[in-house]
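Structural characterization, general
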Amino acid sequence: MTAHLQQRRELVTAVPGPRSIELMARKDAAVAQGIGTTMPVFAVEAGGGVVKDVDGNTFIDLGSGIAVTTVGNSAPRVVEAVQRQVESFTHTCFMVTPYEGYVAVAEALNRLTPGDHEKRSALFNSGAEAVENAIKIARAHTKRQAVVVFDHAYHGRTNLTMAMTAKSMPYKSGFGPFAPEVYRAPMSYPYRDHAVSGAEAARDAITIIEKQVGAANLAAVVIEPIQGEGGFIVPADGFLPAISQWCTDNGVVFVADEVQTGFARTGAMFACDHEGVVPDLIVTAKGIAGGLPLSAVTGRADVMDASHVSGLGGTYGGNPLACAAALATIETIEQDGLVARAGEIERLMVPALQKLQADDDRIGDVRGRGAMIAVELVRPGTDEPDADLAKAVATSAHRAGVIVLTCGTFGNVLRFLPPLSISDELLTEGLQILTHAFEETNA
Ligand code: PLZ
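Residues numbered from 1 in each chain as written. Predicted model: local features only at pLDDT ≥ 70, side-chain atom pairs only at ≥ 80, totals over all residues. Heavy atoms only, no water.

Thoughts on the domain arrangement of the protein chain
Taken as a whole, the protein chain is organised into domain 1 (18-75 + 337-441) and domain 2 (78-335). Relative to domain 2, the C-alpha centre of domain 1 lies at a distance of 25 Å. Taken together, the contact pairs 42 residues of domain 1 with 37 residues of domain 2. On the domain 1 side of the contact with domain 2, Val339, Arg369 and Met372 bury the most area, a combined 24% of that side's loss. (Domains from an automatic or database assignment. Contact = heavy atoms within 4.5 Å. Buried area = accessible area lost by both parts, 1.4 Å probe.)

Structure representation (structure tokens):
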């Protein structure tokens, strides 16, 4: 983090300011319209718990670039490691002349991910690319083709992962045809399925899988242990273990997509750890490398080694800069106690949001774990989703200097993903501004 970056919110122009407006006009003329932005402000610097824009405004960061800069933006160890690496070499291609950083990241992943069985890892660039590779590996291992995913799932924007992602608009609409052999099962969603138990919800899902797909055809079940884009949905206790156990009993590869939940985000190194679930394969990205593009598939050695030699790879997968960043990120999480810090953030945020909910019947649900917390907004006295309200509150917060994101199948969820390097003071101020944004939209 740049040392002089002040750790306080400050607005010196309207939001967006003149420089951002100018850049947005250039963006509209130069960048494809398909690439949207949450906020109309352009960043120049970020670290700790803030993002500074081109007009000199400093925002409280409750987004971490969508759960990526978990250790903080330009985290000191990451900056130092990347600087050292960039001066040595930037790329050789691991498939041509390998280097130690890649192997060290694989070793770290094998050590940190759930389960103490023998593991292997493979590195890629994006979350979607890693999800695709997990499917390739599961198919090679099982010699089966079908893939089961869940309602509200998000797995990416490439062709196979579009098929796996649930929501049509904006992710899929008009972009088909989609990859075949992808089937969808119902998800445990305590707020909306009226707190059906995890075991019951799992039984419903398993019945559908058995009747509509058949275990004999099924290579993998892929699930986010806490759904991200779908609305920060935490399944009822027992749901994940039951699905995982069914997979084990039926020779199906259980794949945890921890792209958004991984690396201390939820108050555990991985969200699967909360329920002692040990996936056959785990997919990671985002928080793995402090903002550099890196993703991974890690899992049981026998499953991971199912692919023939050179069946997996890619030019940039496990790029040396990204690997240096990942090792520094992991060191930061472990040395700075960031798993515990995520727990502290939960204990600060959840009661404050529950207090807000007690006074505001537009907040239907407060949920999440660690530094992955959300509120689901509804029309008062109903559970009817209110996406307009989520948008209005987010926009009001943006104008007041707080970066906050929305999500959810119904677009009615406000989600909070602060970097774990944020101070309690900034978090508290962010929550106050949010409270004010709720008041403002009550008029
Ligand atoms: N799996 C669980 O959350 C990425 C998407 C943002 P990539 N989520 C943010 C957007 O609108 O594109 C994500 C995820 C889960 C997979 C992915 C995909 O990761 O690195 O964006 O490909």
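So that's the structure; there's more coming.
So, the side chain of Arg362
Relative to the helices and strands, Arg362 is located in the loop between helix H11 (338-358) and strand E11 (363-369). Polar contacts involving the side chain of Arg362 include one to the main-chain carbonyl oxygen of Phe438, which spans 2.9 Å. Dropping the residues within four chain positions of it, Arg362 is found in contact with Glu376, Leu377, Val378, Pro380, Leu389, Phe438, Thr441 and Asn442. (Helix = DSSP H or I, 4+ residues; strand = E, 2+ residues; numbered from the N terminus. Polar contact = N/O pair within 3.5 Å; in protein donor to acceptor, adjacent residues only side chain to side chain.)

Section: the site of the ligand
Lining the immediate surroundings of the ligand are 15 residues, of which Gly127, Ala128, Arg157, Asp257 and Gln260 lie closest. One of the side-chain nitrogen or oxygen atoms of Arg157 is found 2.7 Å away from an oxygen atom of the ligand. Separating an oxygen atom of the ligand from a side-chain N or O atom of Gln260 is a distance of 2.8 Å. When the ligand sits alone it has 510 Å² of accessible area, and the protein chains cover 82% of it. Looking at side-chain class alone, the shell around the ligand contains five nonpolar, five polar and five charged residues. (Near = heavy atom within 4 Å. Areas by Shrake-Rupley, 256 points an atom, 1.4 Å probe, with all protein chains shown as cover. Nonpolar A, V, L, I, M, F, W, Y, C, P; charged D, E, K, R; others polar.)

A word on the sheet that holds strand E14 (residues 405-407)
Within the open sheet, the four strands sit side by side as E11-E12-E15-E14. Their pairing is antiparallel. What marks the edges here is a single partner per strand, and that holds for E11 and E14. Each strand of the sheet is rotated relative to its neighbour by a mean of 25°, with strand direction disregarded. Pairing of strand E12 (residues 372-377) with strand E15 (residues 413-416) involves four bridges; the strand directions are antiparallel. Note that in E15 the partner of Glu376 across the bridge is Val413. (Pairing = 2+ DSSP bridges. Axes fitted to C-alpha atoms, helices over the stretch in contact; angles between N-to-C directions.)

Digging into helix H7 (residues 198-212)
Here H7 spans 21 Å end to end across 15 residues, near enough to the 21 Å set by a 1.5 Å rise per residue. Of all the positions in H7, only Gly198, Ala201, Ala202, Ala205, Ile206 and Ile209 are classed as buried. Down the axis, H7 shows its buried residues gathered within 135° of arc, on one side only. What points out from H7, more than 90 degrees from its buried face, is the exposed set Arg203, Lys211 and Gln212. Once H7 finishes, Gly214 follows within two positions and takes phi at roughly 90°, a positive value. (Expected span 1.5 Å × (residues − 1). Buried < 20%, exposed > 50% of the residue type's maximum accessible area, 1.4 Å probe, protein only. Arc of directions from axis to C-beta.)

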